[in-house]
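Spelled out from the first residue to the last, the chains are:
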Amino acid sequence: MKIKVFFALLLGRLVRWISRVIHRGGTDMPGRMALKLCPQLLRYLAKDVKAVAITGTNGKTSSARMVEQAFADAKLSYFSNRSGANLISGITTEFIMNATLTGKPKCDYAVIECDEAAAVKVFPQLRPKVVIVTNLFRDQLDRYGEVTHTLSNIRTALTGLPETTLCLNADCSLTASLAGDLPNKVIWYGLEKSAAAHDAPEPPVSDATHCIRCKTKYDYDYRTYAHLGGFRCPKCGYARHAADVAVTEIVEQKLDGSTVVMDVRGERKLVRTNLPAVYNIYNAAGALAAVTEMGIDVDTGIAALGHFNCGFGRMEQFPLGKAGARMVLVKNPAGCSQVLNFLQEMQEHFVLVVCLNDRGADGTDISWIWDAEFEKLGALGPRLEKVIVSGDRASDMLLRIKYAGVPAERLTLERSYETIVSQLNDETLPIVLMPTYTAMLELRSTVVRHVGGSEFWE
């Protein structure tokens, strides 16, 4: 086994070196090649590393960056897959690069973002100390299938790991159901009714309208967004669990972040996160639950939420144009609708760039754009000065935004990212870039060439 591990590590390092020489990321292929030689390589490399793993539909990357900052502030020796390569091959690559050629880990801790479909392969080998499950929504139906299939994948991945602590979103009825099936210790996080003073309306399309146990329609004491909130089944009694890390008040929401009050296991704390929007408040609560479970003190965890570096494309800011640009990844109706909520909260006039691709990493089924609440763009009126649409499926997105009520004279279709970024260099209004995943990689690369910034794997 040790000989096989040695040659697998050597192969992985060689492939990584070649990838970087030819200016490729080398985030996936080294692990893929090494796993062909030694399929259990991740199990061997991870056995002496204490890992926090983050999975779920939305919020994985932002949550991982929050946890990572807390580890850094606590001066722990750690590494992470910050490139976003979150399949078993990409995760194995990070372990290869953070181990000696004999397989000994260079760091004591790891922060691992894990694709929810890949968890069934990753978790049994990784055996994480803590797992955050952020939420579950329909996403890439061609790849994941229905959301209950994704839930089943995560449940299977956690079976046989009774020593792993689960940090579960109490407000997501799908995520929360894992606690009833598994013997693991659970730390709950969520938003209280007092933090949802203006209840979100019932969404036009919901991923969890009926009880996962008895199929009766849920009643809600309050909603935060989509199917999240104070759910309860009037028939079997399945209901939201009280949160150990509970957001009790949203004090202020601005474009550069939010200030909230959290009850952290009975202790009242004022918390600021440097990302805006309600869904990032959830990410902050989940991250804080995880890092305190890992032994980091509460105040260090809270401080990290206020100054962590955003994951690439996740509310990332660039000095593009005179007023700057913010890039926000979208990939499914629930997440996209939350970004549209964020745009509604912007008080100033702005320019929007929407890029839609339908490649494998995006999901080839783009019907989700008709479920996302793009009508909120039409309701913005003159504050939405201009919309530029691009990507492989730009024509489909242009049609969707027209139906949403945005006047045709404010809409432009432009295929070239180079042309878009060149034009935006002289823009005086704030810019919001809203791409899907593969479009984000290409658009971000173009932006970085013009205004500077790190590569996606850095």
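Residues numbered from 1 in each chain as written. Predicted model: local features only at pLDDT ≥ 70, side-chain atom pairs only at ≥ 80, totals over all residues. Heavy atoms only, no water.

Before going further, it helps to spend a moment on the overall build of the protein chain. Looking only at helices and strands, one finds 17 helices and 17 strands in the protein chain. Expected size for 458 residues packed as a compact globule is a radius of gyration near 23 Å; at 22 Å, the protein chain falls within 12% of this value. Taken along the three principal axes of its C-alpha coordinates, the protein chain extends 65 × 60 × 40 Å. Scored against the burial criterion, the 458 residues of the protein chain give a buried share of 58%. Look at the contacts in the protein chain between residues 6 or more apart in sequence, and 71% of them connect residues 24 or more apart. Taken as a whole, the protein chain presents about 17,800 Å² of accessible surface, with 52% of it coming from carbon and sulfur. Both charge centroids of the protein chain, one from 52 positive and one from 50 negative side chains, sit 6 Å from each other. (Helix = DSSP H or I, 4+ residues; strand = E, 2+ residues; numbered from the N terminus. Rg over C-alpha atoms; globule rule 2.2 N^0.38 Å. Buried < 20%, exposed > 50% of the residue type's maximum accessible area, 1.4 Å probe, protein only. Contact = heavy atoms within 4.5 Å. Areas by Shrake-Rupley, 256 points an atom, 1.4 Å probe, with all protein chains shown as cover. Lys, Arg positive; Asp, Glu negative; His and termini not counted. Charge placed at Lys NZ, Arg CZ, Asp CG, Glu CD.)

Applying the stated criterion across every chain yields a total of 24 salt bridges. Close ionic contact of Arg127 with Glu163 constitutes a salt bridge, the shortest N to O distance being 3.2 Å. Of this pair, Arg127 sits in the loop between helix H6 (119-126) and strand E4 (130-133) while Glu163 sits in the loop between helix H8 (147-158) and strand E5 (165-169), and the two are 36 residues apart along the sequence. With a relative accessible area of 37%, Arg127 lands in the partly exposed category. Two residues, Arg155 and Asp181, come together in a salt bridge whose shortest N-O distance is 2.7 Å. (Salt bridge = Lys/Arg side-chain N within 4 Å of Asp/Glu carboxyl O.)

Further remarks concern the side chain of Thr292. Along the chain, Thr292 falls in helix H11 (residues 278-293). At 3.1 Å, the side chain of Thr292 and the side chain of Arg265 are in polar contact. Once you skip the residues sitting within four places of it in the chain, Thr292 turns out to touch Arg265 and Val298. (Polar contact = N/O pair within 3.5 Å; in protein donor to acceptor, adjacent residues only side chain to side chain.)

In terms of nonpolar packing, the biggest core is built from 134 residues, with Phe95, Phe123, Met262, Leu352, Phe374, Leu377 and Ile401 touching the most fellow members. Here this core takes eleven residues from H11, the largest share from any one element. Excluding anything up to four places from it in sequence, Leu377 contacts Leu340, Leu343, Leu352, Leu384, Ile401 and Val406. (Core = buried A, V, L, I, M, F, W, Y, C linked by side-chain atoms within 4.5 Å.)

Read from one edge of the open sheet, six strands run E12-E13-E17-E14-E15-E16, paired in mixed fashion. Unpaired on one side and paired on the other, strand E12 (314-318) and strand E16 (411-413) mark the two borders of the sheet. The sheet shows a mean angle of 20 degrees between the axes of neighbouring strands, taken without regard to direction. Examined bridge by bridge, strand E14 (residues 350-355) and strand E15 (residues 384-390) share six bridges and lie parallel to one another. Bridge assignment links Val353 to a residue of E15, and that residue is Ile388. (Pairing = 2+ DSSP bridges. Axes fitted to C-alpha atoms, helices over the stretch in contact; angles between N-to-C directions.)

Before going further, it helps to examine the sheet that holds E5. One open sheet accounts for nine strands, arranged E2-E3-E1-E4-E5-E6-E9-E10-E11; its pairing is mixed. The open sheet terminates on both sides in strands that have one partner only, identified here as strand E2 (78-80) and strand E11 (267-273). On average, adjacent strands in this sheet sit at an angle of 20 degrees to one another, irrespective of strand direction.

Time to look at the state of the cysteines. Evaluation of the coordinates by the stated rule reveals zero disulfides. Cys114 forms no disulfide, and the closest cysteine sulfur to it belongs to Cys167, at a distance of 15 Å. For Cys114, a relative accessible area of 0% translates into the label buried. Free of any disulfide, Cys214 has its nearest cysteine sulfur in Cys233, 3.4 Å distant. Judged by relative accessible area, which is 23%, Cys214 ranks as partly exposed. (Disulfide = S-S within 2.5 Å.)

Here the focus is the packing of helix H16 (residues 417-424) against helix H17 (residues 437-451). Put simply, H16 and H17 touch, their axes get as near as 10 Å, and they point 45 degrees apart. One finds that H16 runs oblique with respect to H17. H17 is crossed by H16, and the crossing has right-handed handedness. Contact residues: H16 offers Tyr417, Glu418, Val421 and Ser422, while H17 offers Ala439, Glu442, Leu443, Thr446, Val447, Arg449 and His450. Class assignment of the residues belonging to the contact of H16 with H17 gives a composition of five nonpolar, three polar and three charged. (Parallel < 35°, antiparallel > 145°, perpendicular 65-115°, else oblique. Left-handed = near helix turned anticlockwise from the far one by under 90°. Nonpolar A, V, L, I, M, F, W, Y, C, P; charged D, E, K, R; others polar.)

What follows deals with the packing of aromatic side chains. Aromatic rings considered in pairs are described by the distance between their centres and by the relative angle of their planes. Scanning the entire structure with this criterion turns up eleven aromatic pairs. Ring geometry for Phe79 versus Phe95: centroids 4.9 Å apart, planes at 90 degrees, classification edge-to-face. With Phe79 in strand E2 and Phe95 in helix H5 (residues 88-97), this residue pair connects regions lying 16 residues apart in the sequence. The class for Phe79 is buried, based on a relative accessible area of 5%. A centroid spacing of 6.1 Å and a plane angle of 70 degrees characterise the contact between Tyr225 and Tyr282, whose relative ring orientation is edge-to-face. Residue Tyr225 is found in strand E7 (residues 219-225), and its partner Tyr282 is found in helix H11; the two are separated by 57 residues along the sequence. Neither Tyr225 nor Tyr282 differs from the other in exposure class; each is buried. Stacked on the ring of Tyr109, the Lys or Arg Lys50 has its end atom at 4.9 Å from the ring centre. Between Arg223 and the ring centre of Tyr220, over which it is positioned, the NZ or CZ distance is 3.8 Å. (Phe/Tyr/Trp six-rings, centres within 6.5 Å; stacked < 30°, edge-to-face > 60°. Lys NZ or Arg CZ within 6 Å of the ring centre and 35° of its normal.)

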